[in-house]
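# Survey of secondary and tertiary structure
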Amino acid sequence: MTSHLKFILHKIKAALKRMLNFNVIPVKNSTTEPVWKILIYDRFGQDIISPLLSVKELRDMGITLHLLLHSDRDPIPDVPAIYFVMPTEENVDRVCQDLRNQLYESYYLNFISAISRSKLEDIASAALSTNAVSQIAKVFDQYLNFITLEDDMFVLCNQNKELISYHAINRPDITDNEMENIMDTLVDSLFCFFVTIGAVPIIRCPRGNAADMVAVKLDKKLRENLRDARNSLFTGDGLGGGQFSFQRPLLILVDRNIDLATPLHHTWTYQALVHDVLDFHLNRVNLEETPGQENSPAGARPKKRNKKTYDLTAADNFWQRHKGSPFPEVAESVQQELDSYRTQEDEVKHLKSIMGLEGEDDGAISMLSDNTAKLTSAVSSLPELLQKKRLIDLHTNVATAVLEHIKARKLDVYFEYEEKLMSKSTLDKSLLDIISDPDGGTPEDKMRLFIIYYISSPQPPSEVDLEQYKKALSDTGCNLAPLNYIKRWKAFTKMASAPTNFGGSGPKSISLLSRVMNTGSQFVMEGVKNLVLKQQNLPVTRILDNLIEMKSHPETDDYRYFDPKMLRGSESSVPRNKNPFQENKPGKHVLYGCSELFNASQFLKQLSQLGSQS
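Just so you know, these numbers come straight off a predicted model, no measurement behind them.

### Focus: the pattern of salt bridges
This model, assessed by the stated rule, comprises 28 salt bridges. The shortest N-O distance in the salt bridge between Arg94 and Asp98 comes to 3.7 Å. Of this pair, Arg94 and Asp98 both sit in helix H4 (residues 89-100), four residues apart, which is roughly one turn of the helix. Of the charged contacts in the structure, one is a salt bridge between Asp545 and Lys551, with a shortest N-O distance of 2.4 Å. Residue classification places Asp545 among the partly exposed residues on the basis of a relative accessible area of 32%. It is possible to trace a salt-bridge network through shared partners that takes in Asp276, Arg409, Asp445 and Arg448.

Written out as structure tokens, the structure reads:
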């Protein structure tokens, strides 16, 4: 969107590295040894650091140990400790206990969000009572209360996310006080995000829902901070001159209720499938190894399945290139990478064989001299070759696990059918047939499909048809509670009279790529459709386009407008002659954030909880 946002991952990593270097900017290419220290974090701090910094990177910065704040920790009196924790009462009490127990040589206290004065006084009292004041080297508010997963993706909350979840906000018995607490939690994280990027946003949001409440509170918090010019967090060289920048980010806040179909939609791209069908969490996927084929002795306990963990991050070039690709293309690319690796490996083996020739044969000596340079080159590229092999093995295992789900649950069929439903395309099979197919999908898959049909239909099915669908769903083992909530939701939203229009057209199926179908491939793709993705005009995409391009559209004309830098006026009146963006469209950069990141299964459980409540 603007230059502030282009390198968000780099900015967050730089902020963490500065913190781990005692809040001093690390010197690049420094030959001096890092100061050895230990890192103490809570679960919130762990979630922020783990997607961005590997254990090796922590070690390179001098972190010899990283321990949870509330674990049992032995004293290490001659080592400095860097704390990275939320300023909760429980955490502050434990920090005070550490001071009283004289666990470390010195304490660098970094709070993820701003610590209150009263809690700071509690720490000061504990330090005074144990003569540890001189050991508290620094106390910092880091304003890092959000999780950056990618350069264009961040999450506001992971720990205790059930407290700010869709279910928490929409449950019928929520009190005003509980809603205020949820909004304050979200606002704190958003405020931290904009402090970190060093820019004050223009805020747009729909009226009369949770997004509106967040926008009002965030606008107020930003104004209060800007009003105190001496202590404002949006001035100074360290923040990229956010206050004086001519480019401003636009923050569009929307409620999940604008589109409940997309989170339930079966997917077809690599990253989305991994998130949907595997245990994928904070850029890390956990796989259970398939047990071997050997027979166990009679009466022996079955072997326990080993779990393997893989990191899928920006450092993985294959992941970066292919995470947004349709799955059959990914399978083909893995096979191509494997073939390329084998060719390079065979070349190294061939050269080693030649170099091992013995005797005085002139031909052998000639071949030796000709191939010495080649072998030297091959040896120097060995680390790169081994890294390539590691990534190939990783993605072979991950893609194979995804393929097993696709084939067992006929996920290609579900994806194709849902795309047609959402784009109002002609259906080649009745919905009842898919629901009733005993070999096609889990009960959860069938419920997801039916909810998408129910949401996307211009008119809800008749009571007779609905009872028929409900019976078919029940017969396949579906829990109908999510549907109970969706019926209520559709009845109380504008969507009832104007169903979500997703635009676009259904996917096309083409013949499978010959390489993937080849019997020599790692992936047996028979029976799986090679679907070509079509551009879908999702509600969020349309809203984004309307607001960035300042288009007049009934969907967004009534959106509220907040500019925390301007004197308060009628925030609903948008200055049509002013665009907060540069005119050159290619310069815009879009980031997506969410209060919680769930997959379809987790979201269905929340809908089930809401459907079970009166």
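On we go from here.
### Considerations on the side chain of Asp563
Looking at the element boundaries, Asp563 is found in the loop between strand S15 (560-562) and strand S16 (592-594). A polar side-chain atom of Asp563 sits 2.8 Å from a polar atom in the side chain of Arg248. The residues touching Asp563, leaving out its near neighbours within four places in the chain, are Ile202, Asp219, Arg223 and Arg248.

### What about the environment of Leu273?
Considering the arrangement of structural elements, one finds Leu273 in helix H9 (residues 270-277). We classify Leu273 as buried; its relative accessible area is 1%. Once the C-alpha coordinates of Leu273 and Lys323 are considered, the two residues, 50 residues apart in sequence, prove to be 9.5 Å apart. Excluding anything up to four places from it in sequence, Leu273 contacts Thr267, Trp268, Leu278, Phe327, Val402, Ile406 and Leu411.

### Regarding the pairing of strand S6 (residues 147-150)
Of the pairings in the sheet, the one linking S6 to strand S7 (residues 153-155) comprises three bridges and is antiparallel in character. If you follow Thr148 over to S7, its bridge partner there is Phe154. Between the end of S6 and the start of S7, which pair antiparallel, lie two residues.

### Some details on the sheet that holds S16
Read from one edge of the open sheet, three strands run S6-S7-S16, paired in mixed fashion. Only two strands of the sheet have a single partner each, and these edge strands are S6 and S16. Taken over all neighbouring pairs, the strand axes of this sheet differ in orientation by 20 degrees on average, direction set aside. Inspection of the sheet shows S7 paired to S16 by three bridges, in the parallel sense. By the bridge assignment for S16, Val155 is matched with Cys594.

### Remarks on the environment of Lys424
As for its placement among the helices and strands, Lys424 is situated in the loop between helix H14 (411-422) and helix H15 (431-436). Between the alpha carbons of Lys424 and Pro458 there is a distance of 9.7 Å; along the sequence they are 34 residues apart.

### Let's talk about helix H1 (residues 8-20)
Along its 13 residues, H1 runs 18 Å from first to last C-alpha, staying within 8% of the 18 Å computed at 1.5 Å per residue. Within the span of H1, buried status applies to Ile8, Leu9, Ile12, Ala15, Leu16, Met19 and Leu20. Across the axial projection of H1, the buried residues extend over an arc of 135 degrees, all falling on one side. Just downstream of H1, Phe22 is the residue with a positive phi angle, here 60 degrees.

### Quick look at H4
An ideal rise of 1.5 Å per residue puts 16 Å on twelve residues; H4 measures up with 17 Å between its terminal C-alpha atoms. Listed in full, the buried residues belonging to H4 are Asn91, Val92, Arg94, Val95, Cys96, Asp98 and Leu99. Lining the buried residues of H4 we find strand S3 (76-85), strand S4 (104-111), helix H5 (117-129) and strand S5 (136-141). Two residues or fewer past H4, Gln102 is found with a positive phi of approximately 50 degrees.

### Side note on the environment of Ser50
With respect to the helices and strands, the residue Ser50 is situated in the loop between helix H2 (43-49) and helix H3 (55-60). Between the C-alpha atoms of Ser50 and Thr148, which are 98 residues apart in sequence, the distance is 10.0 Å.

### A look at the packing of H9 against helix H13 (residues 382-409)
One can describe the packing of H9 onto H13 by two numbers: an axis separation of 10 Å at closest approach and a directional angle of 70 degrees. Taken together, H9 and H13 sit at an angle that is classed as roughly perpendicular. At the point where H9 passes H13, the crossing takes the left-handed sense. For the pair formed by H9 and H13, the contact residues are Tyr270, Leu273, Val274 and Val277 on the first element and His395, Val398, Ala399, Val402, His405, Ile406 and Arg409 on the second. Considering only residue class, the contact of H9 with H13 consists of eight nonpolar, two polar and one charged.

Calculation criteria
Residues numbered from 1 in each chain as written. Predicted model: local features only at pLDDT ≥ 70, side-chain atom pairs only at ≥ 80, totals over all residues. Heavy atoms only, no water. Salt bridge = Lys/Arg side-chain N within 4 Å of Asp/Glu carboxyl O. Helix = DSSP H or I, 4+ residues; strand = E, 2+ residues; numbered from the N terminus. Buried < 20%, exposed > 50% of the residue type's maximum accessible area, 1.4 Å probe, protein only. Polar contact = N/O pair within 3.5 Å; in protein donor to acceptor, adjacent residues only side chain to side chain. Contact = heavy atoms within 4.5 Å. Pairing = 2+ DSSP bridges. Axes fitted to C-alpha atoms, helices over the stretch in contact; angles between N-to-C directions. Expected span 1.5 Å × (residues − 1). Arc of directions from axis to C-beta. Parallel < 35°, antiparallel > 145°, perpendicular 65-115°, else oblique. Left-handed = near helix turned anticlockwise from the far one by under 90°. Nonpolar A, V, L, I, M, F, W, Y, C, P; charged D, E, K, R; others polar.

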